[in-house]
Amino acid sequence: MARIYASANAQLGRSWYDYDNFRIEWSSPDRYEIVDRVGGGKYSEVFEGLDTANSETCIIKVLKPVAAKKINREIKILRNLTGGPNIVALLDVVQDPSSRYHSLIMEYVDNVEWKALYPILGEVDIKFYTFQLLKALDFVHSRGIMHRDVKPGNVMIDHRHRKLRVIDWGLAEFYHPGTGYHIRVGSRYYKAPELLVGYKLYDYSLDLWSTGCMLASMLFRKEHFFRGSDNNDQLLKIMKVLGSDNFDAYLKVYDIPFETDMAALLHSYPKQPWTRFVTAENQPFVTSEALDLLDKLLRYDHQKRLTAREAQAHPYFNLVRLEATSIKGD
Ligand SMILES: CN1CCn2c1nc1c(Br)c(Br)c(Br)c(Br)c12
Ligand code: NA
């Protein structure tokens, strides 16, 4: 059971979380022009577009037919969240009458690719962007929704305007206490331990593990902090840092049966001190407060991880919390 916001959906009511009986009015795609392909994946092709009605740049996310069932959920969630802090805005939903393709028209972000961004972030940048991500996650969790795929590729950052937007709500779900969820979610390097051991009764705290992985990446200047070659190796990479004793304790608390044919996972590993990852290069901004926050996010036990609200109150953010609250709006 989530420590916070467990009853959010019960309080918000069925019209908030029921995405099955939900009729969508599709607009015509005519006012939008595709400019350039910017990416894509299993469920969609993503384009930079032009809204000819206002000459604004936008993002056109063309959903593949395979995503048909999930369209309702993504649109419902985006509509519930649009307007929230640092949440990408859903501007329109269109369907092409001939091709039958559905597309989401989203707010454009002049995103700087993670590969180029993470090595140039200074101490204040890391604090600022992590704080903005936590602000978005606390908002989303308070509305009964878990993102389930937090990773650099889903956190758009326009560094020039210091603008952060969380995108891609295609894997997001409504949290209901006692519900078992799919564990094949997220992206490997950012998958929380509960997913890797097959524990289905997870909650919002899934997103805080992923946030911890992003913070570690920025602090230690490593593109992906836990970089496993498959799900087993992913767990091994985590175990070699957090240690085996805490892993065994975690399995016990939740009575998680864990079998593996990977011998290395049965070895015993000591917990590494976070200072082990400090180098001459990252040393200027890896402060003891940063490591304290990181230690409180990267916990096996999801109930022991800080919530997004608690993390925002950590002293590590003292410098940016005041600024963030004083500048109203975005
Ligand atoms: C793969 N790429 C690169 C930039 N970019 C990509 N997908 C995006 C999505 Br979905 C949205 Br919504 C926004 Br906004 C941006 Br920007 C996006
Ligand atoms: Na999106």
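Residues numbered from 1 in each chain as written. Chains lettered and ligands numbered in written order. Predicted model: local features only at pLDDT ≥ 70, side-chain atom pairs only at ≥ 80, totals over all residues. Heavy atoms only, no water.

A short note on the site of ligand 1
Thinking step 1. As a matter of local geometry, ligand 1 sits amid Val38, Gly39, Val46, Ile59, Val88, Met106, Glu107, Val109, Met156 and Ile167.
Thinking step 2. When ligand 1 is considered free in solution it has 440 Å² of accessible area, and contact with the protein chains removes 84% of it.
Thinking step 3. Placement of ligand 1 is best described as lying within the largest pocket.
Thinking step 4. Of all the elements in the fold, those that place two or more residues in the shell around ligand 1 are strand 1 (32-40) and strand 5 (102-107).
Thinking step 5. Of the residues belonging to the shell around ligand 1, the class tally is eight nonpolar, one polar and one charged. (Near = heavy atom within 4 Å. Areas by Shrake-Rupley, 256 points an atom, 1.4 Å probe, with all protein chains shown as cover. 1 Å grid on protein atoms, 1.4 Å probe; cavity = no way out; pocket = protein on both sides within 12 Å on 5 of 7 lines; lining within 4 Å. Sits in = over half its atoms within 2 Å of the grid points. Helix = DSSP H or I, 4+ residues; strand = E, 2+ residues; numbered from the N terminus. Nonpolar A, V, L, I, M, F, W, Y, C, P; charged D, E, K, R; others polar.)

Remarks on the nonpolar core
Thinking step 1. Grouped together as the largest cluster of nonpolar side chains are 102 residues, with contacts concentrated most on Trp169, Phe220, Tyr250 and Trp274.
Thinking step 2. In terms of residues, this core owes the most to one element, helix 5 (residues 123-142), which gives 10 residues.
Thinking step 3. For Trp274, the contacting residues outside a window of four places in its chain are Phe220, Phe225, Val241, Leu242, Leu291, Leu294, Asp295 and Leu298.
Thinking step 4. In terms of nonpolar packing, the next biggest core, distinct from the first, is built from seven residues, Phe47, Ile60, Val62 and Ile105 among them. (Core = buried A, V, L, I, M, F, W, Y, C linked by side-chain atoms within 4.5 Å. Buried < 20%, exposed > 50% of the residue type's maximum accessible area, 1.4 Å probe, protein only. Contact = heavy atoms within 4.5 Å.)

A few points about the sheet that holds strand 1
Paired through backbone hydrogen bonds, the strands of a sheet run either parallel or antiparallel to each other.
Thinking step 1. As summarised here, the arrangement of the five strands in space is 1-2-3-5-4, forming an open sheet in which the pairing is antiparallel. Each of the sheet's edge strands pairs with one partner strand only, and the pair in question is strand 1 and strand 4 (90-95). Put simply, the sheet's adjacent strands are angled 30° from each other on average, direction ignored.
Thinking step 2. Where strand 1 lies against strand 2 (residues 44-51), seven bridges are found, and the strand directions are antiparallel. The residue bridging Gly39 from the neighbouring strand is Val46, located in strand 2. (Pairing = 2+ DSSP bridges. Axes fitted to C-alpha atoms, helices over the stretch in contact; angles between N-to-C directions.)

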